[in-house]
There are 2 protein chains.
Amino acid sequence: MIIKTNPDIYDKLFPKGDILTNEEISQLKSSGKTINFNKKDVVFRQGTLTSHVMYLETGLIKLFKNGRNNRSFILKIATPGYFIGFVSIFGDDTFQYTATAIEDSSVFFIDINTFNSVLEKNGKYSVYLLKKVCKDNLNIVDRITSQYHKQLPGKIADIILYFSEKIYHSNTFEFPLTRNELAELAGTTKESFIRTLTEFKNDKIIVSDGKLLEIKSLEIVKTLSRIG
Amino acid sequence: MIIKTNPDIYDKLFPKGDILTNEEISQLKSSGKTINFNKKDVVFRQGTLTSHVMYLETGLIKLFKNGRNNRSFILKIATPGYFIGFVSIFGDDTFQYTATAIEDSSVFFIDINTFNSVLEKNGKYSVYLLKKVCKDNLNIVDRITSQYHKQLPGKIADIILYFSEKIYHSNTFEFPLTRNELAELAGTTKESFIRTLTEFKNDKIIVSDGKLLEIKSLEIVKTLSRIG
DNA sequence: ATTTTCTGGTGATTTAAATCACCAGATTCC
DNA sequence: GGAATCTGGTGATTTAAATCACCAGAAAAT
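Residues numbered from 1 in each chain as written. Chains lettered and ligands numbered in written order. Predicted model: local features only at pLDDT ≥ 70, side-chain atom pairs only at ≥ 80, totals over all residues. Heavy atoms only, no water.

Can you lay out the interface of chain B and chain A for me, pointing to particular residues and giving the numbers?
The interface is formed by 43 residues belonging to chain B together with 43 residues belonging to chain A. Roughly 3800 Å² of surface becomes buried between chain B and chain A when both sides are summed, with 69% attributable to carbon and sulfur atoms. When the buried surface of chain B facing chain A is broken down by residue, B:Leu130, B:Tyr148 and B:His149 rank first, second and third, together holding 19% of it. Inspection of the region where chain B meets chain A yields two salt bridges. Its salt-bridge partner being B:Lys65, residue A:Asp142 comes within 2.8 Å of it at the nearest N-O pair. For the pair chain B and chain A, the number of links is six residue pairs in polar contact (both at pLDDT 80 or more). Every element with two or more residues in the side of chain B that touches chain A is listed here: strand E5 (72-78), helix H2 (86-91), helix H3 (112-121) and helix H4 (123-148) of chain B. (Contact = heavy atoms within 4.5 Å. Buried area = accessible area lost by both parts, 1.4 Å probe. Salt bridge = Lys/Arg side-chain N within 4 Å of Asp/Glu carboxyl O. Polar contact = N/O pair within 3.5 Å; in protein donor to acceptor, adjacent residues only side chain to side chain. Helix = DSSP H or I, 4+ residues; strand = E, 2+ residues; numbered from the N terminus.)

Now, about the sheet that holds strand E7 (residues 98-101) of chain A: what can you tell me, with residues and values included?
Pairing between the strands of a sheet comes from backbone hydrogen bonds, and it takes one of two forms, parallel or antiparallel. Pairing is antiparallel across the open sheet formed by four strands, whose spatial order is E2-E7-E4-E5 (chain A). With partners counted over all chains shown, the strands left at the sheet margins are strand E2 (42-44) and strand E5 (72-78) of chain A, one partner each. Direction aside, the axes of adjacent strands within the sheet are offset by 30° on average. Where strand E4 (residues 61-66) of chain A and E7(A) come together, four bridges link them in antiparallel fashion. Bridge assignment links A:Leu63 to a residue of E7(A), and that residue is A:Ala99. This element, helix H6 (residues 179-186) of chain A, spans E4 and E5 of chain A of the sheet and lies at about 90° to E5(A). Along the sheet, H4(B) makes contact with E4 and E5 of chain A, crossing E5(A) at roughly 130°. (Pairing = 2+ DSSP bridges. Axes fitted to C-alpha atoms, helices over the stretch in contact; angles between N-to-C directions.)

I'd like a rundown of the relation of the copies chain B and chain A, residues and numbers included.
Rotating chain B by 180° and translating it 0.0 Å along the rotation axis places it on chain A, where the RMSD comes to 0.0 Å. The operation mapping one copy onto its partner corresponds to a two-fold rotation axis. Identified as the residue of chain B closest to the rotation axis by C-alpha distance is B:Gly123, at 1.9 Å. Both copies share a contact surface, since 100% of the interface residues of chain B are interface residues in chain A too. (Least-squares fit on C-alpha atoms with pLDDT ≥ 70 in both.)

Go over the domain arrangement of chain A with me, naming the residues and quoting the values.
Residue and element names in this part refer to chain A. Here chain A is partitioned into domain 1 (22-145) and domain 2 (149-227). Here domain 1 meets domain 2 over a buried area of about 1100 Å², counting both sides, of which 58% is carbon and sulfur. Joining domain 1 to domain 2, the criterion identifies one salt bridge. The shortest N-O distance in the salt bridge between Lys 62 and Glu 181 comes to 2.7 Å. At the junction of domain 1 with domain 2, the criterion picks out four residue pairs in polar contact (both at pLDDT 80 or more). Elements that contribute at least two residues to the side of domain 1 that touches domain 2 include exactly E5 and helix H4 (123-148). Here the residues of the side of domain 1 that touches domain 2 sort into five nonpolar, three polar and five charged. (Domains from an automatic or database assignment. Nonpolar A, V, L, I, M, F, W, Y, C, P; charged D, E, K, R; others polar.)

Describe the pairing of strand E3 (residues 52-58) of chain B, with residues and values.
Looking along a regular strand, one sees the side chains alternate between the two faces of the sheet. Residues and elements named next belong to chain B. For E3, the tally of buried residues reaches six of seven residues, placing the bulk of the element in the interior. Sheet analysis places E3 next to strand E8 (residues 105-111), joined by six bridges and oriented antiparallel. If you follow His 52 over to E8, its bridge partner there is Asp 111. Of the pairings in the sheet, the one linking E3 to strand E6 (residues 83-84) comprises two bridges and is antiparallel in character. Looking at E6, one finds that Tyr 55 is bridged to Phe 83. (Buried < 20%, exposed > 50% of the residue type's maximum accessible area, 1.4 Å probe, protein only.)

Here it is, written out as C-alpha coordinates:
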(Lines give C-alpha, C1' and ligand atoms only; values in the text may rest on other atoms or scores of the structure.)
Protein backbone atom coordinates (compact mmCIF):
# COMPACT_ATOMS: atom_id res chain seq x y z
CA MET A 1 0.00 0.00 0.00
CA ILE A 2 1.34 3.39 -0.99
CA ILE A 3 0.67 6.32 1.28
CA LYS A 4 0.76 9.63 -0.52
CA THR A 5 2.41 12.01 1.91
CA ASN A 6 3.93 14.33 -0.68
CA PRO A 7 1.46 17.15 -1.35
CA ASP A 8 3.30 18.06 -4.55
CA ILE A 9 2.87 14.63 -6.08
CA TYR A 10 1.18 16.17 -9.13
CA ASP A 11 3.47 19.18 -9.58
CA LYS A 12 4.78 17.99 -12.97
CA LEU A 13 1.31 17.06 -14.20
CA PHE A 14 -0.26 20.30 -13.03
CA PRO A 15 2.64 22.73 -13.01
CA LYS A 16 2.57 25.73 -10.70
CA GLY A 17 1.72 29.07 -12.25
CA ASP A 18 -1.02 30.09 -14.63
CA ILE A 19 -0.47 27.33 -17.16
CA LEU A 20 -3.61 25.33 -16.42
CA THR A 21 -6.98 26.68 -15.31
CA ASN A 22 -8.72 25.13 -12.30
CA GLU A 23 -11.31 23.85 -14.72
CA GLU A 24 -8.73 22.08 -16.83
CA ILE A 25 -7.10 20.58 -13.77
CA SER A 26 -10.38 19.15 -12.52
CA GLN A 27 -11.18 17.95 -16.03
CA LEU A 28 -7.91 16.04 -16.18
CA LYS A 29 -8.30 14.81 -12.61
CA SER A 30 -11.81 13.50 -13.15
CA SER A 31 -10.91 11.74 -16.38
CA GLY A 32 -8.00 10.01 -14.67
CA LYS A 33 -7.57 7.10 -12.31
CA THR A 34 -4.71 5.97 -10.09
CA ILE A 35 -3.59 2.39 -10.54
CA ASN A 36 -1.20 0.65 -8.20
CA PHE A 37 1.50 -1.72 -9.37
CA ASN A 38 3.50 -4.16 -7.33
CA LYS A 39 7.21 -4.63 -7.79
CA LYS A 40 7.89 -6.58 -11.00
CA ASP A 41 4.46 -5.83 -12.48
CA VAL A 42 4.34 -4.85 -16.13
CA VAL A 43 2.82 -1.39 -16.68
CA PHE A 44 2.80 -1.69 -20.45
CA ARG A 45 4.48 -3.95 -22.94
CA GLN A 46 6.45 -3.06 -26.06
CA GLY A 47 4.34 -3.51 -29.17
CA THR A 48 0.94 -3.08 -27.52
CA LEU A 49 -1.45 -0.27 -28.39
CA THR A 50 -1.23 3.05 -26.58
CA SER A 51 -4.40 4.39 -25.01
CA HIS A 52 -3.65 6.48 -21.94
CA VAL A 53 -1.25 9.13 -20.78
CA MET A 54 0.54 7.75 -17.73
CA TYR A 55 1.97 9.87 -14.97
CA LEU A 56 4.16 8.27 -12.31
CA GLU A 57 2.98 9.36 -8.87
CA THR A 58 5.14 7.21 -6.62
CA GLY A 59 7.62 4.41 -7.04
CA LEU A 60 10.23 3.56 -9.63
CA ILE A 61 9.68 2.15 -13.09
CA LYS A 62 12.20 0.84 -15.58
CA LEU A 63 11.74 1.49 -19.27
CA PHE A 64 13.50 -0.96 -21.52
CA LYS A 65 13.70 -2.16 -25.09
CA ASN A 66 13.57 -5.84 -25.82
CA GLY A 67 16.49 -6.73 -28.03
CA ARG A 68 16.45 -9.68 -30.43
CA ASN A 69 18.88 -12.07 -28.70
CA ASN A 70 16.65 -11.84 -25.60
CA ARG A 71 18.93 -9.11 -24.45
CA SER A 72 17.34 -5.92 -23.16
CA PHE A 73 18.48 -2.36 -23.00
CA ILE A 74 17.25 -0.18 -20.14
CA LEU A 75 16.56 3.31 -21.46
CA LYS A 76 15.67 4.99 -18.22
CA ILE A 77 14.64 4.59 -14.61
CA ALA A 78 11.51 6.72 -14.30
CA THR A 79 11.02 8.60 -11.03
CA PRO A 80 7.85 10.26 -9.70
CA GLY A 81 6.75 13.16 -11.89
CA TYR A 82 7.63 11.37 -15.12
CA PHE A 83 5.19 10.77 -17.96
CA ILE A 84 5.95 7.15 -18.75
CA GLY A 85 5.53 6.09 -22.36
CA PHE A 86 4.79 9.63 -23.44
CA VAL A 87 6.88 9.64 -26.61
CA SER A 88 5.27 6.37 -27.72
CA ILE A 89 1.77 7.72 -27.07
CA PHE A 90 2.36 10.85 -29.14
CA GLY A 91 4.90 9.53 -31.60
CA ASP A 92 3.39 6.17 -32.52
CA ASP A 93 0.33 4.05 -31.90
CA THR A 94 2.17 1.23 -30.14
CA PHE A 95 4.61 1.30 -27.26
CA GLN A 96 8.20 1.22 -28.36
CA TYR A 97 9.47 -0.14 -25.06
CA THR A 98 8.28 -2.05 -22.02
CA ALA A 99 7.72 -0.56 -18.57
CA THR A 100 7.88 -2.60 -15.37
CA ALA A 101 7.73 -1.51 -11.74
CA ILE A 102 10.98 -2.01 -9.89
CA GLU A 103 9.32 -0.83 -6.70
CA ASP A 104 5.68 -0.70 -5.66
CA SER A 105 4.39 2.19 -7.75
CA SER A 106 1.26 4.19 -8.42
CA VAL A 107 0.48 5.55 -11.86
CA PHE A 108 -2.18 8.10 -12.78
CA PHE A 109 -3.88 7.08 -16.05
CA ILE A 110 -5.51 9.82 -18.12
CA ASP A 111 -7.71 9.25 -21.12
CA ILE A 112 -5.76 10.23 -24.23
CA ASN A 113 -8.66 12.11 -25.83
CA THR A 114 -9.26 14.27 -22.79
CA PHE A 115 -5.56 14.95 -22.53
CA ASN A 116 -5.35 15.81 -26.20
CA SER A 117 -8.26 18.22 -26.08
CA VAL A 118 -6.69 20.07 -23.15
CA LEU A 119 -3.40 20.25 -25.04
CA GLU A 120 -5.03 21.56 -28.22
CA LYS A 121 -6.92 24.23 -26.35
CA ASN A 122 -4.06 25.19 -24.09
CA GLY A 123 -0.91 26.09 -26.00
CA LYS A 124 1.01 26.98 -22.87
CA TYR A 125 0.51 23.53 -21.43
CA SER A 126 1.54 22.02 -24.77
CA VAL A 127 4.71 24.08 -24.79
CA TYR A 128 5.36 23.07 -21.19
CA LEU A 129 5.13 19.41 -22.16
CA LEU A 130 7.07 19.95 -25.37
CA LYS A 131 9.92 21.36 -23.31
CA LYS A 132 9.69 18.47 -20.85
CA VAL A 133 9.83 15.93 -23.68
CA CYS A 134 12.77 17.69 -25.32
CA LYS A 135 14.69 17.84 -22.05
CA ASP A 136 14.07 14.17 -21.35
CA ASN A 137 15.01 13.28 -24.89
CA LEU A 138 18.32 15.10 -24.56
CA ASN A 139 19.04 13.26 -21.31
CA ILE A 140 18.32 9.84 -22.73
CA VAL A 141 20.27 10.40 -25.94
CA ASP A 142 23.12 11.96 -24.01
CA ARG A 143 23.31 9.06 -21.58
CA ILE A 144 23.29 6.44 -24.32
CA THR A 145 25.67 8.16 -26.74
CA SER A 146 28.18 9.14 -24.07
CA GLN A 147 28.15 5.56 -22.85
CA TYR A 148 28.39 4.07 -26.32
CA HIS A 149 32.14 4.19 -26.89
CA LYS A 150 33.26 4.04 -23.30
CA GLN A 151 35.11 1.10 -21.85
CA LEU A 152 33.79 -0.79 -18.86
CA PRO A 153 35.14 1.43 -16.07
CA GLY A 154 33.60 4.46 -17.77
CA LYS A 155 30.28 2.72 -18.29
CA ILE A 156 30.06 1.49 -14.72
CA ALA A 157 31.11 4.89 -13.36
CA ASP A 158 28.29 6.38 -15.46
CA ILE A 159 25.77 4.05 -13.84
CA ILE A 160 26.99 4.82 -10.33
CA LEU A 161 26.68 8.54 -11.05
CA TYR A 162 23.27 8.01 -12.65
CA PHE A 163 21.84 6.52 -9.46
CA SER A 164 23.74 8.85 -7.18
CA GLU A 165 22.89 12.08 -9.02
CA LYS A 166 19.69 11.45 -10.95
CA ILE A 167 17.78 8.97 -8.81
CA TYR A 168 18.81 9.11 -5.15
CA HIS A 169 20.69 12.42 -4.85
CA SER A 170 23.09 10.83 -2.39
CA ASN A 171 26.54 9.24 -2.27
CA THR A 172 25.06 6.24 -0.52
CA PHE A 173 22.22 4.26 -2.03
CA GLU A 174 20.87 0.81 -2.73
CA PHE A 175 20.68 -0.40 -6.31
CA PRO A 176 17.02 -1.08 -7.07
CA LEU A 177 18.09 -3.54 -9.76
CA THR A 178 19.81 -6.89 -10.03
CA ARG A 179 23.33 -7.14 -11.46
CA ASN A 180 21.85 -8.36 -14.68
CA GLU A 181 19.57 -5.34 -14.95
CA LEU A 182 22.40 -3.02 -14.05
CA ALA A 183 24.35 -4.56 -16.91
CA GLU A 184 21.39 -3.91 -19.21
CA LEU A 185 21.50 -0.28 -18.13
CA ALA A 186 25.25 -0.04 -18.64
CA GLY A 187 25.17 -1.83 -21.98
CA THR A 188 27.32 -4.75 -20.91
CA THR A 189 27.01 -8.22 -19.34
CA LYS A 190 26.37 -9.32 -15.76
CA GLU A 191 29.85 -10.80 -15.42
CA SER A 192 31.62 -7.73 -16.72
CA PHE A 193 29.55 -5.46 -14.51
CA ILE A 194 30.36 -7.52 -11.40
CA ARG A 195 34.05 -7.68 -12.21
CA THR A 196 34.36 -3.94 -12.74
CA LEU A 197 32.45 -3.20 -9.56
CA THR A 198 34.82 -5.52 -7.69
CA GLU A 199 37.78 -3.61 -9.13
CA PHE A 200 36.24 -0.35 -7.92
CA LYS A 201 35.85 -1.93 -4.49
CA ASN A 202 39.44 -3.17 -4.44
CA ASP A 203 40.66 0.26 -5.46
CA LYS A 204 38.66 1.77 -2.55
CA ILE A 205 36.74 4.02 -4.94
CA ILE A 206 33.50 2.63 -3.58
CA VAL A 207 32.27 0.55 -0.66
CA SER A 208 29.73 -2.01 -1.75
CA ASP A 209 27.88 -4.87 -0.16
CA GLY A 210 25.20 -6.54 -2.23
CA LYS A 211 22.87 -3.86 -3.52
CA LEU A 212 24.29 -1.23 -1.18
CA LEU A 213 26.80 1.21 -2.57
CA GLU A 214 28.71 4.12 -1.14
CA ILE A 215 30.88 6.37 -3.26
CA LYS A 216 34.17 6.88 -1.44
CA SER A 217 35.89 8.99 -4.05
CA LEU A 218 33.45 10.95 -6.15
CA GLU A 219 36.46 12.58 -7.78
CA ILE A 220 37.73 9.30 -9.22
CA VAL A 221 34.27 8.09 -10.23
CA LYS A 222 33.74 11.30 -12.16
CA THR A 223 37.16 11.05 -13.76
CA LEU A 224 36.50 7.47 -14.83
CA SER A 225 33.18 8.57 -16.31
CA ARG A 226 34.85 11.43 -18.16
CA ILE A 227 37.86 9.65 -19.61
CA GLY A 228 35.71 6.62 -20.46
CA MET B 1 23.01 28.16 -55.66
CA ILE B 2 19.91 26.33 -54.54
CA ILE B 3 16.87 26.49 -56.77
CA LYS B 4 13.66 25.82 -54.90
CA THR B 5 11.52 23.88 -57.33
CA ASN B 6 9.56 21.94 -54.73
CA PRO B 7 6.36 23.90 -53.98
CA ASP B 8 5.88 21.85 -50.78
CA ILE B 9 9.21 22.85 -49.30
CA TYR B 10 7.47 24.24 -46.22
CA ASP B 11 4.90 21.48 -45.75
CA LYS B 12 6.34 20.37 -42.42
CA LEU B 13 6.72 23.92 -41.14
CA PHE B 14 3.23 24.94 -42.23
CA PRO B 15 1.33 21.67 -42.25
CA LYS B 16 -1.70 21.28 -44.53
CA GLY B 17 -5.10 21.57 -42.91
CA ASP B 18 -6.52 24.05 -40.47
CA ILE B 19 -3.65 23.92 -37.98
CA LEU B 20 -2.21 27.36 -38.70
CA THR B 21 -4.12 30.48 -39.73
CA ASN B 22 -2.92 32.50 -42.72
CA GLU B 23 -2.06 35.22 -40.28
CA GLU B 24 0.17 32.93 -38.23
CA ILE B 25 1.84 31.63 -41.37
CA SER B 26 2.69 35.10 -42.57
CA GLN B 27 3.81 36.06 -39.08
CA LEU B 28 6.24 33.13 -39.01
CA LYS B 29 7.32 33.77 -42.59
CA SER B 30 8.03 37.43 -42.02
CA SER B 31 9.98 36.79 -38.81
CA GLY B 32 12.15 34.24 -40.61
CA LYS B 33 15.02 34.32 -43.02
CA THR B 34 16.57 31.72 -45.31
CA ILE B 35 20.30 31.21 -44.93
CA ASN B 36 22.38 29.18 -47.34
CA PHE B 37 25.18 26.90 -46.25
CA ASN B 38 27.87 25.35 -48.36
CA LYS B 39 28.96 21.77 -47.98
CA LYS B 40 31.05 21.37 -44.79
CA ASP B 41 29.77 24.61 -43.26
CA VAL B 42 28.86 24.52 -39.58
CA VAL B 43 25.21 25.45 -38.96
CA PHE B 44 25.56 25.46 -35.19
CA ARG B 45 28.11 24.14 -32.77
CA GLN B 46 27.62 22.00 -29.66
CA GLY B 47 27.77 24.12 -26.51
CA THR B 48 26.75 27.41 -28.11
CA LEU B 49 23.60 29.29 -27.15
CA THR B 50 20.33 28.55 -28.91
CA SER B 51 18.47 31.48 -30.44
CA HIS B 52 16.45 30.42 -33.48
CA VAL B 53 14.23 27.65 -34.63
CA MET B 54 15.84 26.16 -37.73
CA TYR B 55 13.93 24.44 -40.49
CA LEU B 56 15.81 22.57 -43.20
CA GLU B 57 14.48 23.61 -46.61
CA THR B 58 16.91 21.86 -48.93
CA GLY B 59 20.09 19.87 -48.58
CA LEU B 60 21.42 17.40 -46.04
CA ILE B 61 22.78 18.14 -42.59
CA LYS B 62 24.54 15.84 -40.16
CA LEU B 63 23.89 16.14 -36.45
CA PHE B 64 26.64 14.78 -34.27
CA LYS B 65 27.91 14.73 -30.73
CA ASN B 66 31.54 15.47 -30.05
CA GLY B 67 32.92 12.69 -27.89
CA ARG B 68 35.85 13.20 -25.50
CA ASN B 69 38.59 11.20 -27.29
CA ASN B 70 37.94 13.43 -30.34
CA ARG B 71 35.60 10.73 -31.52
CA SER B 72 32.19 11.80 -32.76
CA PHE B 73 28.86 10.07 -32.88
CA ILE B 74 26.46 10.97 -35.68
CA LEU B 75 22.91 11.07 -34.31
CA LYS B 76 21.07 11.69 -37.51
CA ILE B 77 21.22 12.83 -41.11
CA ALA B 78 18.60 15.56 -41.35
CA THR B 79 16.62 15.78 -44.57
CA PRO B 80 14.42 18.64 -45.83
CA GLY B 81 11.42 19.23 -43.59
CA TYR B 82 13.39 18.60 -40.41
CA PHE B 83 13.62 21.06 -37.53
CA ILE B 84 17.32 20.89 -36.80
CA GLY B 85 18.38 21.42 -33.21
CA PHE B 86 14.77 21.57 -32.07
CA VAL B 87 15.18 19.48 -28.92
CA SER B 88 18.15 21.59 -27.83
CA ILE B 89 16.23 24.81 -28.42
CA PHE B 90 13.28 23.69 -26.31
CA GLY B 91 15.04 21.39 -23.90
CA ASP B 92 18.13 23.41 -23.01
CA ASP B 93 19.72 26.79 -23.61
CA THR B 94 22.74 25.46 -25.44
CA PHE B 95 23.03 23.08 -28.37
CA GLN B 96 23.73 19.53 -27.33
CA TYR B 97 25.23 18.56 -30.66
CA THR B 98 26.85 20.10 -33.72
CA ALA B 99 25.22 20.46 -37.13
CA THR B 100 27.20 20.68 -40.36
CA ALA B 101 26.03 20.68 -43.96
CA ILE B 102 27.03 17.59 -45.88
CA GLU B 103 25.53 19.07 -49.03
CA ASP B 104 24.79 22.66 -50.00
CA SER B 105 21.77 23.43 -47.86
CA SER B 106 19.29 26.16 -47.09
CA VAL B 107 17.88 26.67 -43.64
CA PHE B 108 14.94 28.84 -42.63
CA PHE B 109 15.72 30.64 -39.35
CA ILE B 110 12.80 31.76 -37.21
CA ASP B 111 13.05 33.98 -34.17
CA ILE B 112 12.48 31.85 -31.09
CA ASN B 113 10.16 34.37 -29.40
CA THR B 114 7.88 34.67 -32.41
CA PHE B 115 7.80 30.92 -32.72
CA ASN B 116 7.08 30.50 -29.03
CA SER B 117 4.22 32.97 -29.06
CA VAL B 118 2.59 31.17 -32.00
CA LEU B 119 2.98 27.89 -30.15
CA GLU B 120 1.50 29.22 -26.93
CA LYS B 121 -1.50 30.67 -28.74
CA ASN B 122 -2.01 27.71 -31.03
CA GLY B 123 -2.34 24.42 -29.17
CA LYS B 124 -2.96 22.43 -32.32
CA TYR B 125 0.34 23.52 -33.79
CA SER B 126 2.05 22.72 -30.49
CA VAL B 127 0.55 19.24 -30.49
CA TYR B 128 1.58 18.83 -34.13
CA LEU B 129 5.17 19.65 -33.20
CA LEU B 130 5.01 17.59 -30.02
CA LYS B 131 4.07 14.57 -32.11
CA LYS B 132 6.83 15.34 -34.60
CA VAL B 133 9.41 15.57 -31.82
CA CYS B 134 8.18 12.35 -30.20
CA LYS B 135 8.31 10.48 -33.50
CA ASP B 136 11.79 11.72 -34.25
CA ASN B 137 12.91 10.88 -30.73
CA LEU B 138 11.65 7.31 -31.09
CA ASN B 139 13.52 6.95 -34.38
CA ILE B 140 16.81 8.22 -32.99
CA VAL B 141 16.64 6.16 -29.80
CA ASP B 142 15.55 3.12 -31.76
CA ARG B 143 18.39 3.45 -34.22
CA ILE B 144 21.02 3.85 -31.52
CA THR B 145 19.76 1.19 -29.12
CA SER B 146 19.15 -1.39 -31.81
CA GLN B 147 22.67 -0.74 -33.08
CA TYR B 148 24.23 -0.80 -29.63
CA HIS B 149 24.75 -4.53 -29.12
CA LYS B 150 25.04 -5.54 -32.74
CA GLN B 151 28.22 -6.87 -34.23
CA LEU B 152 29.81 -5.22 -37.23
CA PRO B 153 27.80 -6.88 -40.02
CA GLY B 154 24.58 -5.89 -38.25
CA LYS B 155 25.76 -2.32 -37.69
CA ILE B 156 26.87 -1.86 -41.28
CA ALA B 157 23.66 -3.45 -42.60
CA ASP B 158 21.77 -0.95 -40.44
CA ILE B 159 23.60 1.94 -42.05
CA ILE B 160 22.99 0.66 -45.57
CA LEU B 161 19.29 0.34 -44.79
CA TYR B 162 19.27 3.76 -43.14
CA PHE B 163 20.44 5.46 -46.34
CA SER B 164 18.42 3.24 -48.61
CA GLU B 165 15.12 3.53 -46.72
CA LYS B 166 15.24 6.75 -44.75
CA ILE B 167 17.33 9.07 -46.90
CA TYR B 168 17.29 8.08 -50.56
CA HIS B 169 14.33 5.67 -50.86
CA SER B 170 16.27 3.60 -53.35
CA ASN B 171 18.40 0.47 -53.55
CA THR B 172 21.09 2.45 -55.32
CA PHE B 173 22.59 5.56 -53.83
CA GLU B 174 25.78 7.46 -53.14
CA PHE B 175 27.01 7.79 -49.59
CA PRO B 176 27.10 11.52 -48.79
CA LEU B 177 29.74 10.84 -46.13
CA THR B 178 33.33 9.69 -45.94
CA ARG B 179 34.19 6.25 -44.57
CA ASN B 180 35.21 7.88 -41.33
CA GLU B 181 31.86 9.62 -40.99
CA LEU B 182 30.02 6.43 -41.90
CA ALA B 183 31.92 4.74 -39.09
CA GLU B 184 30.81 7.53 -36.75
CA LEU B 185 27.24 6.84 -37.76
CA ALA B 186 27.65 3.09 -37.31
CA GLY B 187 29.46 3.44 -34.00
CA THR B 188 32.68 1.81 -35.15
CA THR B 189 36.02 2.71 -36.76
CA LYS B 190 36.92 3.58 -40.33
CA GLU B 191 38.97 0.39 -40.75
CA SER B 192 36.25 -1.89 -39.43
CA PHE B 193 33.64 -0.20 -41.59
CA ILE B 194 35.74 -0.62 -44.73
CA ARG B 195 36.54 -4.24 -43.95
CA THR B 196 32.90 -5.17 -43.39
CA LEU B 197 31.80 -3.37 -46.55
CA THR B 198 34.45 -5.31 -48.48
CA GLU B 199 33.08 -8.56 -47.06
CA PHE B 200 29.59 -7.57 -48.20
CA LYS B 201 31.03 -6.89 -51.64
CA ASN B 202 32.84 -10.23 -51.76
CA ASP B 203 29.67 -12.01 -50.71
CA LYS B 204 27.81 -10.25 -53.57
CA ILE B 205 25.31 -8.75 -51.12
CA ILE B 206 26.12 -5.32 -52.46
CA VAL B 207 27.91 -3.71 -55.37
CA SER B 208 30.03 -0.81 -54.29
CA ASP B 209 32.51 1.52 -55.90
CA GLY B 210 33.74 4.43 -53.85
CA LYS B 211 30.74 6.25 -52.47
CA LEU B 212 28.34 4.44 -54.78
CA LEU B 213 26.37 1.54 -53.38
CA GLU B 214 23.78 -0.81 -54.80
CA ILE B 215 21.98 -3.35 -52.67
CA LYS B 216 22.00 -6.64 -54.53
CA SER B 217 20.23 -8.74 -51.92
CA LEU B 218 17.93 -6.66 -49.76
CA GLU B 219 16.85 -9.93 -48.16
CA ILE B 220 20.32 -10.66 -46.78
CA VAL B 221 20.98 -7.06 -45.73
CA LYS B 222 17.74 -7.09 -43.75
CA THR B 223 18.57 -10.45 -42.20
CA LEU B 224 22.03 -9.22 -41.18
CA SER B 225 20.42 -6.14 -39.65
CA ARG B 226 17.90 -8.28 -37.79
CA ILE B 227 20.18 -10.98 -36.40
CA GLY B 228 22.85 -8.35 -35.62
C1' DA C 1 53.87 24.34 -57.38
C1' DT C 2 54.75 21.64 -53.84
C1' DT C 3 54.04 20.65 -49.17
C1' DT C 4 50.55 19.06 -46.12
C1' DT C 5 46.41 16.96 -44.92
C1' DC C 6 42.57 13.91 -45.96
C1' DT C 7 40.74 9.70 -47.91
C1' DG C 8 40.17 4.80 -49.02
C1' DG C 9 42.34 0.79 -48.32
C1' DT C 10 44.98 -3.57 -46.38
C1' DG C 11 47.73 -6.45 -43.10
C1' DA C 12 49.47 -7.71 -38.40
C1' DT C 13 48.98 -7.25 -33.53
C1' DT C 14 46.80 -6.28 -29.34
C1' DT C 15 43.21 -5.94 -26.14
C1' DA C 16 38.96 -5.52 -23.98
C1' DA C 17 35.14 -7.78 -23.02
C1' DA C 18 31.88 -11.43 -24.20
C1' DT C 19 31.20 -16.18 -23.62
C1' DC C 20 31.48 -20.50 -21.33
C1' DA C 21 31.58 -23.10 -17.28
C1' DC C 22 31.02 -23.42 -13.01
C1' DC C 23 29.33 -22.70 -7.76
C1' DA C 24 26.58 -21.64 -3.54
C1' DG C 25 22.80 -19.36 -1.52
C1' DA C 26 18.33 -17.28 -2.03
C1' DT C 27 13.75 -17.28 -4.18
C1' DT C 28 9.98 -18.87 -6.35
C1' DC C 29 7.12 -22.39 -8.14
C1' DC C 30 4.34 -26.55 -8.24
C1' DG D 1 8.77 -29.63 0.91
C1' DG D 2 11.42 -30.48 -2.87
C1' DA D 3 12.41 -28.95 -7.64
C1' DA D 4 13.45 -25.46 -10.45
C1' DT D 5 14.86 -20.92 -11.30
C1' DC D 6 17.24 -16.68 -10.20
C1' DT D 7 21.04 -14.25 -8.17
C1' DG D 8 25.81 -12.83 -7.13
C1' DG D 9 30.12 -14.32 -7.86
C1' DT D 10 34.80 -16.14 -9.92
C1' DG D 11 38.11 -18.30 -13.28
C1' DA D 12 39.55 -19.77 -18.01
C1' DT D 13 38.93 -19.29 -22.87
C1' DT D 14 37.54 -17.24 -27.02
C1' DT D 15 36.56 -13.69 -30.18
C1' DA D 16 35.42 -9.56 -32.24
C1' DA D 17 36.98 -5.43 -33.20
C1' DA D 18 40.07 -1.63 -31.98
C1' DT D 19 44.64 -0.14 -32.63
C1' DC D 20 48.90 0.35 -34.98
C1' DA D 21 51.43 0.76 -39.06
C1' DC D 22 51.55 1.37 -43.29
C1' DC D 23 50.49 2.94 -48.56
C1' DA D 24 48.93 5.52 -52.72
C1' DG D 25 45.97 8.86 -54.72
C1' DA D 26 43.09 12.98 -54.06
C1' DA D 27 42.25 17.31 -52.21
C1' DA D 28 43.52 21.46 -49.67
C1' DA D 29 46.47 24.68 -48.13
C1' DT D 30 50.71 27.72 -48.41
